[in-house]
Structure formats: C-alpha cells, structure tokens
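Now for the letters of each chain:
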Amino acid sequence: MPETHDAPLMRRPLRWWLLSIVIIALDLGTKLLMTQWLSYAEPREILPFFDLTLLHNTGAAFSFLAGHDGWQRWLFAAIAVGAVVALTLWLKRLKANETLTAVSIALIMGGALGNLYDRVVLGYVVDFLSFHWQNWYFPAFNLADTAITLGAIGLVLDTLLPKRTHAREVPNE
C-alpha cells in the first residue's frame, strides 16, 4: 500500500523575491514613462476600447476612500507593509511542489510594493490603463494592480486545482 507524505520545504523560497523585484521595476518604469508621456486626465486612444490616461488615485481599489483628507495614505501603506511581511513568511514555509503559490505570492508582493512606493513618495498611486465600452469606463489601473490581480487569481486557482501528492512505495512484507 503506498504511503504519502508531505513534500519537503521549498529550497531557497526567497528567490521568488526576484520576480517581485522585476514587477516593481516594470511597474515603476511604466508609471514614470506614462507620467512623462501623457498629460493628466487626457486620454490617448490606443484601441476603440482602451486608452492610456494618466490619473492619480489617493484611495485604494476603485478609488475607495479617495475623497478623504490624507489619512488613508498611511492606512493603505501600513496594510501593504503588513501584507508583504505576512506573504514573505508564507513564502518561507512553502513546500517544494507549491510553485503556483510562490509565483502568486511574488506577484502580489511586487504589486503591493510598487503601489506602496507611489503612495509613500508621491501621496497617490499613478494609474494609466483605462478600458471602456461606449460610455462605461472601468476604473483606471496600473501594472502593479495587474500583478496583484493575477497573483490573487493564481491563489484561487491553487485552491481549486487538485493537489499532487508524492507517493513512496513501501515494499510488501
């Protein structure tokens, strides 16, 4: 009868921070490029349903709490720092076969830190990706938001996908 056991811990789990660093660099680089290339709140049509539009978001997702007097900046910064610390601890405890989880965590950390930089240094998050259909506009977002979303989708998929177990044959006695 085969006996199953847990996979060993991932070797060098913090190497996934390299993916986070790539996400941060791409996010901040595109934000800088769009800030230099675009005029604030003036859409530049790329496709009939997609514009590049430079916007500043002082709130969170969908401009949540954006209308407040600034305290939300530090609340969202603290949440991002706490999330990155928690995700780093989770990353360190991953098993060798949990690659999708590791990639997902790295994407979320990179996105959170890209937006954290904006929030702390600029006081707002730079958004520039704007999708729309006729008169309906999806809230503008950036590459950090995309990485966070893809990471969250990866974590959901990881919970839905069947887990592979490592079986070890035990000789019949």
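Residues numbered from 1 in each chain as written. Predicted model: local features only at pLDDT ≥ 70, side-chain atom pairs only at ≥ 80, totals over all residues. Heavy atoms only, no water.

Novice: Looking at this structure, how should I read the pairing of strand β3 (residues 50-57)?
Specialist: Each regular strand displays side chains that alternate between the two surfaces of the sheet. With respect to burial, β3 is a largely interior element, 6 of its 8 residues being buried. The sheet contact formed by strand β2 (residues 44-47) and β3 spans 3 bridges and is antiparallel. Its bridge partner lying in β3, L47 is registered against F50. As consecutive antiparallel partners, β2 and β3 are separated by 2 residues. Summarising the sheet, β3 and strand β4 (residues 125-133) pair through 6 bridges and their orientation is antiparallel. By the bridge assignment for β4, L55 is matched with D127. (Buried < 20%, exposed > 50% of the residue type's maximum accessible area, 1.4 Å probe, protein only. Helix = DSSP H or I, 4+ residues; strand = E, 2+ residues; numbered from the N terminus. Pairing = 2+ DSSP bridges.)

Novice: Would you explain the packing of aromatic side chains in this entry?
Specialist: Both the distance between ring centres and the angle between the ring planes are used here to describe each pair of aromatic rings. Under the defined criterion, the tally for this structure stands at 5 aromatic pairs. Ring geometry for F131 against F141: centres 5.9 Å apart, planes inclined by 10 degrees, an arrangement best described as stacked. Separated by 10 residues along the polypeptide, F131 in strand β4 and F141 in the loop between β5 (136-137) and α4 (143-160) bring together distant segments of the chain. Note on F131: relative accessible area 32%, which makes it partly exposed. With a relative accessible area of 18%, F141 lands in the buried category. Seen from their ring centres, F138 and F141 are 6.1 Å apart, and the 85 degrees between their planes marks the pair as edge-to-face. Among the aromatic residues, those joined into a cluster by ring pairs are F49, F50, F131, W136, F138 and F141. (Phe/Tyr/Trp six-rings, centres within 6.5 Å; stacked < 30°, edge-to-face > 60°.)

Novice: When you look at the pairing of β4 in this model, what are you seeing that I'm missing?
Specialist: Summarising burial for β4: 7 of the 9 residues are buried, a large majority. Sheet analysis places β4 next to β5, joined by 2 bridges and oriented antiparallel. Bridge pairing links W133 to W136 in β5. Hairpin connection, β4 to β5: the antiparallel pair is bridged by 2 residues, and Q134 has positive phi, about 55 degrees.

Novice: How should the sheet that holds β4 be read in this particular structure?
Specialist: Sheet strands associate in pairs through backbone hydrogen bonding, adopting either a parallel or an antiparallel arrangement. Strand order in the open sheet formed by 4 strands is β2-β3-β4-β5, with antiparallel pairing between adjacent strands. In this open sheet, the two strands that pair with only one neighbour each are β2 and β5. Across the sheet, helix α3 (residues 99-122) is in contact with β3 and β4; its angle to β4 comes to roughly 120 degrees. (Contact = heavy atoms within 4.5 Å. Axes fitted to C-alpha atoms, helices over the stretch in contact; angles between N-to-C directions.)

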